[in-house]
Amino acid sequence: MFTIIAAIGKNNELGKNNELIFHLKEDMKFFREKTDGHKIVMGHKTWDSLPGKLKNRENIVISRHDFPGPDRIIHDFNQFIDEYKDSDEEIFVIGGGTVYHQFLPYAKTLYLTEVKKTDSSATTFFPEFDKSDYKKEIIKKGSEDDLSYTFAKYTKI
Ligand SMILES: NC(=O)c1ccc[n+]([C@@H]2O[C@H](COP(=O)([O-])OP(=O)(O)OC[C@H]3O[C@@H](n4cnc5c(N)ncnc54)[C@H](OP(=O)(O)O)[C@@H]3O)[C@@H](O)[C@H]2O)c1
């Protein structure tokens, strides 16, 4: 089963110039706790934006190319979906925009950190989705460095 985890702005902003927009300590902690010990799947650009492998997680990267570093590289998206869509194992989809877009139809759960801010210079966005298809639970609300945020969990109905 696939679970999406992302931090998004008011207009679904995800990133700019291959970097994150929002840097919230609480969000990083939440991300670490949720994904710890699991498989994480990401696009090549997100991989490139990281300082290296995220420890204690199996780092899986989607790309048409081969390169050193990740635990596994997927070339065939559909084959990967077939491999895990009926599995009980929770696999975390950690971005970026192109990868969220492709996995969204298969994800049962979305953990979205909804940041109450816009950024007109964003270059990557989380895909639009129909919220009426999901049950929404608020996990926590908070603020940090003048940024208010909500940790929300969306579960497909
Ligand atoms: N706010 C958040 O929670 C969050 C989380 C993660 C990332 N981000 C941000 O998102 C941005 C990166 O996202 P992005 O959308 O530009 O790029 P991305 O989704 O991370 O990576 C795109 C790349 O992944 C590969 N790929 C994607 N689908 C594929 C498929 N079906 N088959 C083969 N390869 C595939 C391709 O790599 P090749 O060209 O190698 O084939 C493609 O160029 C950055 O700014 C990052 O900081 C934000």
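This one's a predicted model, so the numbers in the text were calculated from it and none came from an experiment.

About the criteria used
Residues numbered from 1 in each chain as written. Predicted model: local features only at pLDDT ≥ 70, side-chain atom pairs only at ≥ 80, totals over all residues. Heavy atoms only, no water. Helix = DSSP H or I, 4+ residues; strand = E, 2+ residues; numbered from the N terminus. Contact = heavy atoms within 4.5 Å. Pairing = 2+ DSSP bridges. Axes fitted to C-alpha atoms, helices over the stretch in contact; angles between N-to-C directions. Near = heavy atom within 4 Å. Polar contact = N/O pair within 3.5 Å; in protein donor to acceptor, adjacent residues only side chain to side chain. Areas by Shrake-Rupley, 256 points an atom, 1.4 Å probe, with all protein chains shown as cover. Nonpolar A, V, L, I, M, F, W, Y, C, P; charged D, E, K, R; others polar. Core = buried A, V, L, I, M, F, W, Y, C linked by side-chain atoms within 4.5 Å. Buried < 20%, exposed > 50% of the residue type's maximum accessible area, 1.4 Å probe, protein only.

A. Structural context of the side chain of threonine 155. Looking at the element boundaries, threonine 155 is found in strand β11 (residues 147-156). What threonine 155 contacts, discounting residues up to four positions off in sequence, is Lys108, Asp133, Tyr134, Lys135 and Glu137.

B. Representation of the sheet that holds strand β1 (residues 2-8). Within the open sheet, the eight strands sit side by side as β6-β5-β4-β7-β1-β8-β11-β10. Their pairing is mixed. The outermost strands of the open sheet, each flanked by one partner alone, are β6 (72-74) and β10 (134-144). Shown here is a sheet whose adjacent strand axes are inclined to one another by a mean of 20 degrees, direction ignored. In this sheet, strand β7 (residues 91-93) lies alongside strand β4 (residues 39-43) in parallel orientation, the contact comprising three bridges. Paired with lysine 39 across the bridge in β7 is isoleucine 91. With respect to the sheet, helix α1 (residues 25-35) is in contact with β1, β4, β7, β8 (107-115), β10 and β11, its orientation differing from that of β1 by roughly 175 degrees. In the packing of helix α3 (residues 77-84) onto the sheet, contacts are made with β1, β4, β5 (58-62), β6 and β7, and the angle to β6 comes to roughly 115 degrees.

C. Quick peek at the site of the ligand. Near the ligand, the surroundings consist of 27 residues, among which His44, Thr46, Ser63, Arg64 and Thr98 are the closest. Note that an oxygen atom of the ligand is positioned 2.4 Å from one of the side-chain N or O atoms of histidine 44. Here the ligand has 930 Å² of accessible area as a free molecule, and 86% of this is covered by the chains. Elements that contribute at least two residues to the shell around the ligand include exactly β1, β2 (13-16), β3 (19-20), α2 (44-49) and α4 (97-103). Here the element with the most residues in the shell around the ligand is α4; it accounts for five residues. Taken together, the residues of the shell around the ligand break down into nine nonpolar, 14 polar and four charged.

D. Geometry of the nonpolar core. Ranked by internal contacts, the top residues of the largest apolar core, which has 27 residues, are Phe80, Phe103, Leu110 and Phe126. Only β1, β5, α3, β7, α4, β8 and β11 provide two or more residues apiece to this core. Those residues in contact with phenylalanine 126 that lie beyond four places of it in its chain are Ile4, Ala6, Ile8, Asn12, Leu14, Tyr100, Leu104 and Leu112. Core analysis: the second largest hydrophobic core is formed by 21 residues, Ile73, Phe92, Ala122 and Leu147 among them.

E. Representation of the side chain of aspartate 27 in the model. Assignment of secondary structure puts aspartate 27 in helix α1. Within polar-contact distance, the side chain of aspartate 27 engages the side chain of threonine 113 at 2.6 Å. Here aspartate 27 is in contact with Ala7, Thr113 and Phe151, once residues within four sequence places are set aside.

Remember, this is a structural readout, not a statement about activity or role.
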